[in-house]
Each structure stands twice: as structure tokens, then as C-alpha cells.
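Each chain, letter by letter, is given below.
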Amino acid sequence: MNSILDNLSKTEFVSICVQDPRLHEDDLWHTHVDYEICLHASTNSMCFRKKTSCVRRRYSDFVWLRHCLEQNALIIELPKLPPWNPFFSLKNKEQVSKRMKGLQEFLESVLQNPFLLSDSRLHLFLQSDLSIPRIERCALGKTRYTVAEAIQLSKSGYYNLEDKTSCDSDCESTASSGLGSSIDTKTCNSTVSFLHLSEVDL
């Protein structure tokens, strides 16, 4: 019994949830959808010093993340993202639910790989408010703040800087009357567990 409790105490748990899709207006003709990513790590987690966090990312951000991980993955087969749908609509609950499920499954698979967890861009993606260009600069040491500072200070307002970018892979070509709205479609409460992962230098 004691050995079972000892093993449980050494097990690290990470729960990841992709939820709360929201529609944003880029300009008169283009919109994009982003999603809230909530992460909760066990208190003994060595991979995530910040135990709880929530950030918002769009589909094209996930595409960027997968490309970054793929560059460092070498022979590791990366999980796939849900396919891009040019007719994706926030009003279609089935489409939204399917995409969120696919995004969450992608993150769950990534979090189970110790090698991928060593990439600082993944941690910034999951736990900082930085835009993708700033994540790239921060990971290269080209910002006035470190990776750890960007993560710890997220949601404080100091580094909550957003880039106004042009339309990319998850834009929709028509305007919608539901700007800024969200629907109650969630894919949550999934837990990833692993043993004795080495600490990421954040």
C-alpha cells in the first residue's frame, strides 16, 4: 500500500482543456476564431513551474507550434492537427466541437513526449500572453524578459501585448453578426500523467 502511495506521489499530472471559442473581427471582410487553453499541473510537476494558466490561441497559432516542434522532433512522429476548413463557422456547433477536440488531442499527445516538453516555445505558447512573433524572439533571447518572466507575468497586463496581424489560415471570408461571442461547447477535464520527467530550464 505504501509503495502505491509513493508511486502516486511521484506521478505528475497535467490537465489541458481547449474551450470557449470566440469570434474576432480583423477588418470589414475577415474574422478569426480563437480558443482558451487552460492548463493545470500537479504541485510536484517539474515541467511546469506555473501550475495553472489560461491563454487564448487561434488555429494558425497551433499550425505554427506544430511546425516549430516538427523542426526539432527529428524522427519523432508528431500528432496531427484537425484539418483546416475554409468553411469553418462558429455557428456550426459540430464543426466547433470537432476542431476543439482535435486541438486538445494534439496538445495532449505533445505533453506526453518529454523531448517536446523541452522546447521553450511550447511553454510560452501554453502559458504566456505573448504573440507568436514575440514568442519567437523570447525563445531566441532577443527580448528584455526571459522565458520564465514572460510566463510568470502573463495576465498581469505588463506583457499582454497583441499583434494586429493580417488574415491567415483560420480567417473567414465573410463578416458575422456574432462578433466577440462564444458558445458553450467544451472539451475538458482530460489529464495527462507521466513519471520522472526532467525539468525544463524556464
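The structure under discussion appears in the preceding block.
The text that follows walks through the structure, step by step, so that each part is easy to find. A quick note: this is a predicted structure, and the numbers were derived from the prediction, not measured. (Residues numbered from 1 in each chain as written. Predicted model: local features only at pLDDT ≥ 70, side-chain atom pairs only at ≥ 80, totals over all residues. Heavy atoms only, no water.)

1. Quick word on the nonpolar core
F48, L107, F125 and L126 are the most contacted members of the largest nonpolar core, which has 44 residues in total. If we skip the residues at most four places from it in the chain, L126 touches I16, I37, L39, F48, S53, V55, L107 and L111. (Core = buried A, V, L, I, M, F, W, Y, C linked by side-chain atoms within 4.5 Å. Buried < 20%, exposed > 50% of the residue type's maximum accessible area, 1.4 Å probe, protein only. Contact = heavy atoms within 4.5 Å.)

2. Examining the environment of E136
Considering the arrangement of structural elements, one finds E136 in helix α5 (residues 132–139). What makes E136 partly exposed here is its relative accessible area of 36%. Sequence separation between E136 and F125 is 11 residues, and the spatial gap between their C-alpha atoms is 10.0 Å. (Helix = DSSP H or I, 4+ residues; strand = E, 2+ residues; numbered from the N terminus.)

3. So, the packing of aromatic side chains
Taken as a whole and assessed by the stated rule, the structure comprises 2 aromatic pairs. Between F62 and F106, the ring centres sit 6.5 Å apart and the planes meet at 70 degrees, which makes this aromatic pair edge-to-face. Of this pair, F62 sits in helix α2 (residues 59–73) while F106 sits in helix α3 (residues 93–111), placing them 44 residues apart in sequence. Just as F62 is buried, F106 falls in that class too. With a centroid separation of 5.2 Å and 80 degrees between ring planes, the pair formed by F62 and F125 is classed as edge-to-face. Within this pair, whereas F62 is found in helix α2, its partner F125 is found in helix α4 (residues 120–127), the two being separated by 63 residues in sequence. Three or more aromatic residues joined by ring pairs form one cluster here, namely F62, F106 and F125. The ring of F125 carries R57 above its face, with NZ or CZ at 5.2 Å from the centroid. (Phe/Tyr/Trp six-rings, centres within 6.5 Å; stacked < 30°, edge-to-face > 60°. Lys NZ or Arg CZ within 6 Å of the ring centre and 35° of its normal.)

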